[in-house]
Amino acid sequence: MMILETSDLSKVYGNGESEVRALDGVNFSVENGEFVAVVGTSGSGKSTLLHILGGLDRPTSGKVTVDGKDIFSLGDEELTIFRRRKIGFVFQAYNLVPVLSVYENIVLPIQLDGGTVDKQYMQQVIKSLGLKEKLYSFPNQLSGGQQQRVAIARALASKPSIILADEPTGNLDSSTSQDVLGLMKIMSRRFAQTIVMITHNEEIAQLAERIVRIEDGRIVKREESL
Ligand code: ADP
Ligand code: ADP
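How each quantity is defined
- Residues numbered from 1 in each chain as written.
- Chains lettered and ligands numbered in written order.
- Predicted model: local features only at pLDDT ≥ 70, side-chain atom pairs only at ≥ 80, totals over all residues.
- Heavy atoms only, no water.
- UniProt positions renumbered as here; feature names shortened; annotations may be inferred.
- Near = heavy atom within 4 Å.
- Polar contact = N/O pair within 3.5 Å; in protein donor to acceptor, adjacent residues only side chain to side chain.
- Areas by Shrake-Rupley, 256 points an atom, 1.4 Å probe, with all protein chains shown as cover.
- Pairing = 2+ DSSP bridges.
- Helix = DSSP H or I, 4+ residues; strand = E, 2+ residues; numbered from the N terminus.
- Buried < 20%, exposed > 50% of the residue type's maximum accessible area, 1.4 Å probe, protein only.
- Arc of directions from axis to C-beta.
- Contact = heavy atoms within 4.5 Å.
- Core = buried A, V, L, I, M, F, W, Y, C linked by side-chain atoms within 4.5 Å.
- 1 Å grid on protein atoms, 1.4 Å probe; cavity = no way out; pocket = protein on both sides within 12 Å on 5 of 7 lines; lining within 4 Å.
- Points joined across faces, edges and corners; volume = space filled by probe spheres on them.
- Nonpolar A, V, L, I, M, F, W, Y, C, P; charged D, E, K, R; others polar.

- With an unreviewed UniProt entry as reference, the chain is termed Putative ABC transport system ATP-binding protein, source organism Muricomes intestini.
- Its UniProt record gives the chain a comment under Sequence similarities (unreviewed entry), which states: "Belongs to the ABC transporter superfamily."

As structure tokens, this is what we get:
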């Protein structure tokens, strides 16, 4: 089943002479439970694509369907609710709150949203990410890789349909990056979690299950199954 589909997605920034066509007719789909890497050079449109997939920005034209729902048919408020419920974001910067413990960071979005934490599920996520011994630590007591694992746990906490990851290993060294990617792959399988990751790093992209290439705002037809 397709969980995510775009049809003829385009995004134009600016207007008139300073117009930039960041996305140009992107057709792209992701199956439930897939771990897909979107790879492209700087300026190819990856961030723009990820922002639109997550409902952080609206396209100039075209459609994004998540779980069968055309997300841009929603008004701004509904779109925010959709994003909170259905999408988990992981960014290059971990964005952890320094005065909160690891556990408090992980459950913060659920608490802000007035939801309840599924404790049994959360324990499994925490264990799978190797964070069990770190729950009472604070972010500044953790390595970069550990902080990113906390950010991944936080993204998974609300059981989103899709995790969108923007250069999740951008601040990590090569061997830590491979560890984090390996864990993302395990999480994707264990929790039947769909992950779309953007990266400019070819080696990192190879660690996903499938690679989609983007150049000048267009998906390049050569797709690879890994
Ligand atoms: P990538 O993430 O692959 O580096 P981006 O999606 O950030 O690519 O950018 C794609 C193109 O759109 C680039 O030419 C970039 O300069 C331009 N762009 C991105 N965001 C904006 C913006 N807010 N305003 C104007 N141009 C933008
Ligand atoms: P990334 O490393 O994720 O590709 P960028 O450095 O390309 O991020 O962009 C950071 C932010 O600046 C993004 O929100 C992007 O939309 C915006 N941006 C990128 N290029 C431009 C541009 N030419 N003009 C205005 N904003 C831009």
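Description of the site of ligand 2
Okay, so step 1: Near ligand 2, the surroundings consist of Ser47, His51 and Asp166.
Okay, so step 2: One of the side-chain N or O atoms of Ser47 is found 2.9 Å from an oxygen atom in ligand 2.
Okay, so step 3: Out of a free accessible area of 550 Å², ligand 2 has 21% covered by protein chains.

Some details on the sheet that holds strand β4 (residues 61–66)
Okay, so step 1: Read from one edge to the other, the open sheet built from 4 strands follows the order β2-β1-β4-β5, with strand pairing classed as antiparallel. Of all strands in the sheet, those with a lone pairing partner are β2 (20–31) and β5 (69–70), marking the two edges.
Okay, so step 2: By the bridge criterion, 2 bridges tie β4 to β5 in an arrangement that is antiparallel. Each bridged residue has a counterpart across the sheet, and for Thr65 the counterpart in β5 is Asp70.

With respect to helix α4 (residues 119–128)
Okay, so step 1: Here α4 has its buried residues at Tyr121, Met122, Val125, Ile126 and Ser128. Within α4, the buried residues cover an arc of 165° as seen down the axis, which keeps them to one side. Across α4 from its buried face, at more than 90 degrees, point the exposed residues Lys119, Gln120, Gln123 and Lys127.
Okay, so step 2: Of the surrounding secondary structure, the elements contacted by the buried residues of α4 are α3 (102–112), α5 (144–157) and α6 (174–190).
Okay, so step 3: Gly130, located one to two residues past α4, shows a positive phi value of around 65°.

Focus: the nonpolar core
Burial of nonpolar side chains together is a common tendency in soluble globular proteins.
Okay, so step 1: Within the largest apolar cluster, 39 residues are counted, with the highest numbers of intra-cluster contacts made by Ile106, Val125, Leu129 and Met184.
Okay, so step 2: Only β3 (35–39), α3, α4, α5, β7 (162–166), α6, β8 (194–199) and α7 (202–205) provide two or more residues apiece to this core.
Okay, so step 3: With 6 residues, the top contributor of residues to this core is α5.
Okay, so step 4: Filtering out sequence-adjacent residues up to four positions away, Val125 remains in contact with Ala153, Leu156, Met187 and Phe191.
Okay, so step 5: Grouped together as the second largest cluster of nonpolar side chains are 29 residues, Leu49, Leu79, Phe82 and Leu164 included.

Quick look at empty space enclosed by the protein
To find leftover empty space, one rolls a probe the size of a water molecule over the atoms.
Okay, so step 1: If you walk through the whole model with that rule in mind, you get 1 cavity of 30 Å³ or more.
Okay, so step 2: As a volume, the largest cavity reaches approximately 30 Å³.
Okay, so step 3: For the largest cavity, the full set of lining residues is Ile152, Leu156, Ile163, Met184, Met187 and Ile195.
Okay, so step 4: Elements represented by at least two residues in the lining of the largest cavity include exactly α5 and α6.
Okay, so step 5: Of the residues contributing to the lining of the largest cavity, the split by class is 6 nonpolar, no polar and no charged.

Considerations on the site of ligand 1
Okay, so step 1: With respect to spatial proximity, the complete set of residues near ligand 1 consists of Tyr13, Val20, Ala22, Thr41, Ser42, Gly43, Ser44, Gly45, Lys46, Ser47 and Thr48.
Okay, so step 2: Between ligand 1 and the protein, one listed contact pairs an oxygen atom with a backbone N or O atom of Thr41 at 3.5 Å.
Okay, so step 3: The separation between an oxygen atom of ligand 1 and a polar main-chain atom of Gly45 is 3.1 Å.
Okay, so step 4: Contributions of two or more residues to the shell around ligand 1 are made by β2 and α1 (46–53).
Okay, so step 5: Of all the elements, α1 adds the most residues to the shell around ligand 1, at 3 residues.
Okay, so step 6: Taken together, the residues of the shell around ligand 1 break down into 3 nonpolar, 7 polar and 1 charged.

Looking at the environment of Leu164
Okay, so step 1: As for its position among the elements, Leu164 is in strand β7.
Okay, so step 2: Judged by its relative accessible area of 1%, Leu164 is buried.
Okay, so step 3: The spacing of Leu164 and Gly88 is 76 residues in sequence and 6.1 Å in space, taken between C-alpha atoms.
Okay, so step 4: Not counting residues up to four positions away in its chain, the partners in contact with Leu164 are Leu50, Leu53, Gly54, Ile87, Gly88, Phe89, Val90 and Val196.

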